Amino acid sequence: MSKLGVLFRTTAVRLSALYLILFSLCAAFLVFYVTGMSERLLQQQTRDAVTAEVTQIEQVYTRAGINGLLRSLERRARQPGANLYVIAGPSGEILAGNVASLEPGLLDREGWTEKPFAYQRYTDESRKDSHVALAHVLMLDNGLRILVGRDLQEPQKFRALVRQALMVALGIMGLGALIIWFAIGRNALKRIDRMSEASTKIMAGDLSQRLPTSGSGDEFDRLSESLNAMLGRIEKLNEGLRQVSDNIAHDLKTPLTRLRNKAEAALARKGTSQRGALEEIIGESDQLIRTFNALLMISRVEAGSAAAEMSEVDLSQIVSDCVELYEPVAEDVGLRLEADVAPGMVISGNRELVGQALGNLLDNAIKYAEGGADPLIKVSLGRRDGKVVLSVADHGPGVPEDKREEVVKRFVRLDESRSKPGTGLGLSLVEAVMEMHHGALNLAATDPEGGDNGKGLTVHMVFPASAT
Amino acid sequence: MVTRMKILIIEDDIEAAAYLAKAFREAGIVCDHASDGESGLFMASENSYDVLVVDRMLPRRDGLSVITELRGKGIHTPVLILSALGQVDDRVTGLRAGGDDYLPKPYAFNELLARVEVLGRRKGAPDQDMVYRVGDLELDRLSHSVRRQGKEIPLQPREFRLLEYLMKNAGQVVTRTMLLENVWDYHFDPQTNVIDVHVSRLRSKIEKDFDLPLLRTVRGAGYMIKDDRTASA
């Protein structure tokens, strides 16, 4: 494909061509209109001049008779740039005047000649010079005919001049437009080329590449920016995926090894003790399945496939249900679960996932706050700054400030918590669920002034403003 | 009168199906097997089963369309959907297509067995009893009251629903997941033994002042409420 062909296929150039055609049509109309108008104006002037002269000649004739008329015409005809004067006999033969020949039959009708006519003038240079003129014919009572006319060469020259000037101006404009469009089209093409170059690199696997932006904030920049935002999201998802597979390899090897060891030990045993070992193995694999389920759920939620099942849900009801569900468990380990739930908090969400997320938080709080500074776990739901905030606050050891971002990641567990059962995926799921609900997950200390073992952890699930 | 339950498993994984069939037979359930959607649909239409266990992804006709087709023919055999897609929305689409219960893979066989037995029982007796009785324990669904040996036992609303579900399925194992689904109406993984704690509270209320235990823990499966005397009689 030739370079020009490519250029013509760009939208900018195509549109420009269309505009050029429309513009040319308008300009052509303008040329004809302007020249036509000026011609009419000049013709009118010619007529006026001729009419004035005819009136004068009539007056001369009335005052001074035929001789006076002849003298007057003779004088007028000699003036430089004179009009046309013809005196003809009743049969049309030219008797006097400054015209050599006329179109025949022109003198037969009194009044204005209908059309401009051709004639030849007496000149020293050439007799062949044919001119065009407009004339008025006057019939005298003695049968003589007098023609007064005015050459149209000048108006015609003027018209041609105007037309030529307009044509030249239009030509220059068209050429200029073409050059500008060519430049714009090329510029657009170059930028698009740069964008496709960058996307080729990205396709080749370098997801950290970004499309170039010029910083002018024009359409191309906006396109690049939104594509870059998309790339950012893809990179994040991809990174998450890689992280998951890495962590799966690392963190699932341990329980699998344990499983295998137990199976080996069971093989060595005999009788009823084998049954116990098998039960342990089943328990171990259940834990593994649970981990896989949690992983799957997180990636599904992150991929947004669960977003289809969003509906208006009563968050207050979910919170009450969950608190009621977990309350006896908390009590069993000597903790107190207290709820401060504002009624009627309706959000757009997925009931099961919000329930699961809150369940994870309550489970964490119960697991880690056991033996903390204060046995109270407080769940509160209310509106803050127009947003719906669900918080779970415990008074356990909490999470050090520099680790708070870390613990949300998959499989990350603080050393102190490794002894407790768990998958290390609880907060990751909560975060994914919050992201799906266009909300945020914030971790803070319940009591920042508390001692080393009593700062506590407050987890805020911040939902965007509810519909009501 | 002991009629054995008869079920049909529609599952394309031959090995998994053979394992299931063997395990069901050991549990006293008669079991047929179809390995694709079309033959499953044919068998389910021609024979009378108590429960159908249908895998979602099947060759020749997918599980959901088998169910829709059966329902269209006016066959209302309870269906339990098995699926590798264990997500909330999949459950919703499965139940919407006419399934009665949904179990994501991988599952414990005890969980499947308990659900199949509950589904099979449901078919015979429409749930119209206003009063459930197990031994000397009596639950009145209208007045929301529970009595044992004529003595009123006060229960929290949730404890009442828990006991109601257990007694509705008296003599059958109900799993923890089934309790969470049917009593709390949630399908998520509660991570801890929340259900056990609720059950043990209920147990202490209905058994504390009485000699005979009714609510039993079935190891590796779940719970069952049953009057041992009537069972042995």
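Reading guide: rules and limits
- Residues numbered from 1 in each chain as written.
- Chains lettered and ligands numbered in written order.
- Predicted model: local features only at pLDDT ≥ 70, side-chain atom pairs only at ≥ 80, totals over all residues.
- Helix = DSSP H or I, 4+ residues; strand = E, 2+ residues; numbered from the N terminus.
- Buried ≥ 20, exposed ≤ 12 C-beta atoms within 10 Å, placed from the backbone.
- Contact = placed C-beta atoms within 7 Å.
- Axes fitted to C-alpha atoms, helices over the stretch in contact; angles between N-to-C directions.
- Parallel < 35°, antiparallel > 145°, perpendicular 65-115°, else oblique.
- Left-handed = near helix turned anticlockwise from the far one by under 90°.
- Nonpolar A, V, L, I, M, F, W, Y, C, P; charged D, E, K, R; others polar.
- Core = buried A, V, L, I, M, F, W, Y, C linked by C-beta atoms within 7 Å.
- Expected span 1.5 Å × (residues − 1).
- Pairing = 2+ DSSP bridges.
- UniProt positions renumbered as here; feature names shortened; annotations may be inferred.
- pLDDT = per-residue confidence, 0-100.

Peer 1: Summarise the overall build of chain A; cite the residues concerned and give the values.
Peer 2: For chain A, the count of helices and strands is 8 helices and 14 strands. Within chain A, the proportion of its 468 residues that are buried is 25%. Considering only residue pairs separated by 6 or more positions, chain A has 61% of its internal contacts joining residues 24 or more positions apart.

Peer 1: Which residues make up the overall build of chain B, and what values do they have?
Peer 2: For chain B, the count of helices and strands is 9 helices and 12 strands. By the burial criterion, 38% of the 233 residues in chain B qualify as buried. Considering only contacts within chain B whose residues lie at least 6 apart along the sequence, 58% involve residues at least 24 apart.

Peer 1: Hey, could you go over the environment of Val131(B) for me, with residue numbers and the actual values?
Peer 2: Residue and element names in this part refer to chain B. Within the fold, Val131 resides in strand β6 (residues 131-134). Since 13 C-beta atoms lie within 10 Å of it, Val131 is described here as partly exposed. In sequence terms Val131 and Lys168 are 37 residues apart; their C-alpha atoms lie 9.7 Å from each other. Not counting chain neighbours up to four residues away, the residues in contact with Val131 comprise Glu138, Leu139, Asp140 and Arg141.

Peer 1: Could you give me a rundown of the packing of helix α6 (residues 157-168) of chain B against helix α7 (residues 176-184) of chain B, with the residues and numbers involved?
Peer 2: Two measures define how a pair of helices packs: the angle their axes make with one another and the distance between the axes. Residues and elements named next belong to chain B. At a closest axis distance of 10 Å, the pairing of α6 and α7 adopts a crossing angle of 120°. Taken together, the axes of α6 and α7 are oblique relative to one another. Read as a crossing pair, α6 and α7 show a hand that is right-handed. Across from Arg158, Arg161, Leu162 and Tyr165 in α6, the residues of α7 making contact are Leu179, Asn182 and Val183. Per-class residue counts for the contact of α6 with α7 are 4 nonpolar, 1 polar and 2 charged.

Peer 1: Would you mind going over the interface of chain A and chain B in detail, with residue names and values included?
Peer 2: Often the size quoted for an interface is simply the accessible area lost on bringing the parts together. If you look at the interface, chain A gives 23 residues, while chain B gives 20 residues. Secondary-structure elements contributing two or more residues to the side of chain A that touches chain B are α5 (272-303), α6 (315-332) and α7 (351-368) of chain A.

Peer 1: Any chance you could break down the nonpolar core for me, citing the residues and the numbers?
Peer 2: Ranked by size, the top nonpolar core spans 106 residues in total, and within it Tyr326(A), Val433(A), Ile7(B) and Leu52(B) carry the most contacts. Leu52(B) has contacts with Ile7(B), Leu8(B), Ile10(B), Ala44(B), Thr77(B) and Val79(B), leaving out every residue within four places of it along the chain. Ile57(A), Tyr61(A), Val86(A) and Ala88(A) belong to the second largest nonpolar core, which has 22 residues in total.

Peer 1: Before we move on, could you go through unusual backbone geometry and cite the residues and values that matter?
Peer 2: Residue and element names in this part refer to chain B. The residue His144 is not glycine, and still its phi comes out positive at about 55°. Looking at the element boundaries, His144 is found in the loop between β7 (137-140) and β8 (145-148). Even without being glycine, Gln149 reaches a positive phi, approximately 50°. Owing to 12 C-beta atoms within 10 Å, Gln149 belongs among the exposed residues under this scheme.

Peer 1: Can you lay out helix α1 (residues 14-26) of chain B for me, pointing to particular residues and giving the numbers?
Peer 2: If you check α1(B), its first and last C-alpha atoms are 18 Å apart, about what 13 residues at 1.5 Å a residue would give, namely 18 Å. Phi turns positive, to about 85°, at Gly28(B), one or two residues after α1(B).

Peer 1: Run through the packing of α7(A) against helix α8 (residues 426-436) of chain A, naming residues and quoting values.
Peer 2: Residues and elements named next belong to chain A. For the pair α7 and α8, interaxial distance at closest approach is 9 Å and the crossing angle is 145°. In the crossing of α7 with α8, the sense of the turn from one axis to the other is left-handed. Residues Leu353, Val354, Gln356, Ala357, Asn360, Leu361, Asp363 and Asn364 of α7 touch α8, and the partners they reach there are Gly426, Leu429, Val430 and Val433. Considered class by class, the residues forming the contact of α7 with α8 number 7 nonpolar, 4 polar and 1 charged.

Peer 1: Give a detailed account of the sheet that holds strand β10 (residues 174-175) of chain B, specifying residues and quantitative values.
Peer 2: Note: strands within a sheet are paired through backbone hydrogen bonds, in either parallel or antiparallel orientation. What the 3 strands build is an open sheet, ordered β10-β12-β11 (chain B); its pairing is antiparallel. What marks the edges here is a single partner per strand, and that holds for β10 and β11 (215-218) of chain B.

Peer 1: Got a sec to walk through the pairing of strand β1 (residues 84-88) of chain A? Specific residues and values, please.
Peer 2: All names here are of chain A. Within β1, 5 of the 5 residues are buried, which leaves it mostly tucked inside the rest of the structure. In β1, alternate side chains face the same way, and those of Leu84, Val86 and Ala88 on one face and Tyr85 and Ile87 on the other are all buried. Bridge analysis of β1 against strand β7 (residues 145-151) gives 5 bridges, and the strand direction is antiparallel. Bridging from a neighbouring strand, Leu84 pairs with Gly149 of β7. Bridge count between β1 and strand β2 (residues 94-97): 3 bridges; the pairing is antiparallel. Bridging across to β2, Ile87 finds its partner in Ala96.

Peer 1: A description of the sheet that holds strand β5 (residues 101-104) of chain B should follow, citing residues and the corresponding values.
Peer 2: All names here are of chain B. Across the sheet, which stays open at both edges, the 5 strands sit in the order β2-β1-β3-β4-β5 with parallel pairing between neighbours. The open sheet has two edge strands, β2 (30-34) and β5, and neither has a second partner. Each strand axis lies, on average, 20° off the axis of its neighbour in the sheet, ignoring direction. With 4 bridges joining them, strand β4 (residues 79-83) and β5 adopt parallel strand pairing. Counterpart to Ser83 in the pairing with β5 is Pro104. Helix α3 (residues 63-72) rests against β1 (6-10), β3 (51-55) and β4 of the sheet, and its axis sits at about 145° to β3.

Peer 1: A description of the UniProt feature "transmembrane region" (unreviewed entry) in chain A should follow, citing residues and the corresponding values.
Peer 2: Residues annotated by UniProt as "transmembrane region" (unreviewed entry) correspond here to residues 12-34 and 165-184 of chain A. A helix fraction of 100% and a strand fraction of 0% characterise residues 165-184 of chain A, whose end C-alpha atoms lie 28 Å from each other.

Peer 1: Requested: an account of the pairing of strand β12 (residues 387-393) of chain A, with residues and values cited.
Peer 2: Residues and elements named next belong to chain A. Across the 7 residues of β12, 5 count as buried, placing the element largely inside the fold. In this structure, β12 lies alongside strand β14 (residues 458-463), joined through 6 bridges in antiparallel fashion. Counterpart to Val389 in the pairing with β14 is Val462.

Peer 1: For the confidence of the model for chain B, give the residues involved together with the corresponding values.
Peer 2: Residues and elements named next belong to chain B. For chain B, per-residue confidence averages 85 on the pLDDT scale, and 92% of positions sit at 70 or higher. Mean pLDDT across the secondary structure elements of chain B bottoms out at helix α9 (residues 228-232), with 57, and peaks at β10, with 92. What the predictor reports for the complex is a pTM of 0.63 with an ipTM of 0.83.

Peer 1: Describe the environment of Glu58(A), with residues and values.
Peer 2: Here Glu58(A) is to be found in helix α2 (residues 11-78). Once the C-alpha coordinates of Glu58(A) and Leu138(A) are considered, the two residues, 80 residues apart in sequence, prove to be 8.7 Å apart.

Peer 1: Help me get a handle on the environment of Leu95(A), residues and values and all.
Peer 2: All names here are of chain A. Looking at the element boundaries, Leu95 is found in strand β2. On the neighbour-count criterion, Leu95 (12 C-beta atoms within 10 Å) is exposed. The spatial distance from the C-alpha of Leu95 to the C-alpha of Leu144 is 9.3 Å, given a sequence separation of 49 residues. Once residues lying within four places of it in the same chain are set aside, the contact partners of Leu95 are Ile87, Ala88 and Gly89.

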